[in-house]
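Tertiary structure, described
Here is what each chain is made of, one letter per residue.
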Amino acid sequence: GGSEWKWPKLSAMNTFYETQPVPNPLSRFAHFLPKGLHKFEVVMTHVVESVVVWGLLLPWSWAVAACGKVQIAFQAGIILTGNLAFLN
């Protein structure tokens, strides 16, 4: 299948690092990480971008702080491995 099947099969990150718009030196290292870790990255992308983000609206400051830290760590990983700061 084409690229439309990469997200449901958890394989989107297998080729992302070598085909992204602005790779950086850590992109090559990230590309050669184990495929199981790439699948974990895809799952975490779904979780952070579709579930954790809503935690920022919770009424408890401890929950908002925890979700904020997860978001910051997620964005730091994106910036470190892809230099996508101009998008995020």
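A few points on the structure. Quick caveat: nothing in here was measured; it's all calculated off a predicted structure.

Take the overall build of the protein next. Along the protein, the regular secondary structure elements total four helices and zero strands. Listing every helix and strand of the protein by position from the N terminus yields α-α-α-α. A total of 88 residues make up the protein; the buried ones form 28% of that total. For the protein, the share of sequence-separated contacts (at least 6 apart) that also reach a separation of at least 24 residues comes to 54%. When the accessible area of the protein is evaluated, it comes to approximately 6,100 Å², of which 71% is carbon and sulfur surface.

Scanning the model with the defined rule gives one aromatic pair in all. A centroid spacing of 6.3 Å and a plane angle of 25° characterise the contact between Trp 60 and Trp 62, whose relative ring orientation is stacked. What makes Trp 62 exposed here is its relative accessible area of 63%.

Packing of helix α3 (residues 35-50) against helix α4 (residues 61-82) brings their axes to within 10 Å, and their N-to-C directions diverge by 135°. The orientation of α3 with respect to α4, classified from their angle, is oblique. Here the hand of the crossing between α3 and α4 comes out left-handed. Contact with α3, carried on its side by Met 44, Thr 45, Val 48 and Glu 49, involves Val 70, Gln 71 and Phe 74 of α4 and no other residues of that element.

Moving on, we get to the packing of helix α1 (residues 12-19) against α3. Across the interface, α1 lies against α3 with an axial gap of 7 Å and an inter-helix angle of 95°. The pairing of α1 with α3 is recorded here as roughly perpendicular in orientation. Contacts between α1 and α3 involve Ala 12, Met 13, Asn 14 and Tyr 17 on the former and, on the latter, Lys 35, His 38, Glu 41 and Val 42. For the contact of α1 with α3, the residue count by class is four nonpolar, two polar and two charged.

The rules we used
Residues numbered from 1 in each chain as written. Predicted model: local features only at pLDDT ≥ 70, side-chain atom pairs only at ≥ 80, totals over all residues. Heavy atoms only, no water. Helix = DSSP H or I, 4+ residues; strand = E, 2+ residues; numbered from the N terminus. Buried < 20%, exposed > 50% of the residue type's maximum accessible area, 1.4 Å probe, protein only. Contact = heavy atoms within 4.5 Å. Areas by Shrake-Rupley, 256 points an atom, 1.4 Å probe, with all protein chains shown as cover. Phe/Tyr/Trp six-rings, centres within 6.5 Å; stacked < 30°, edge-to-face > 60°. Axes fitted to C-alpha atoms, helices over the stretch in contact; angles between N-to-C directions. Parallel < 35°, antiparallel > 145°, perpendicular 65-115°, else oblique. Left-handed = near helix turned anticlockwise from the far one by under 90°. Nonpolar A, V, L, I, M, F, W, Y, C, P; charged D, E, K, R; others polar.

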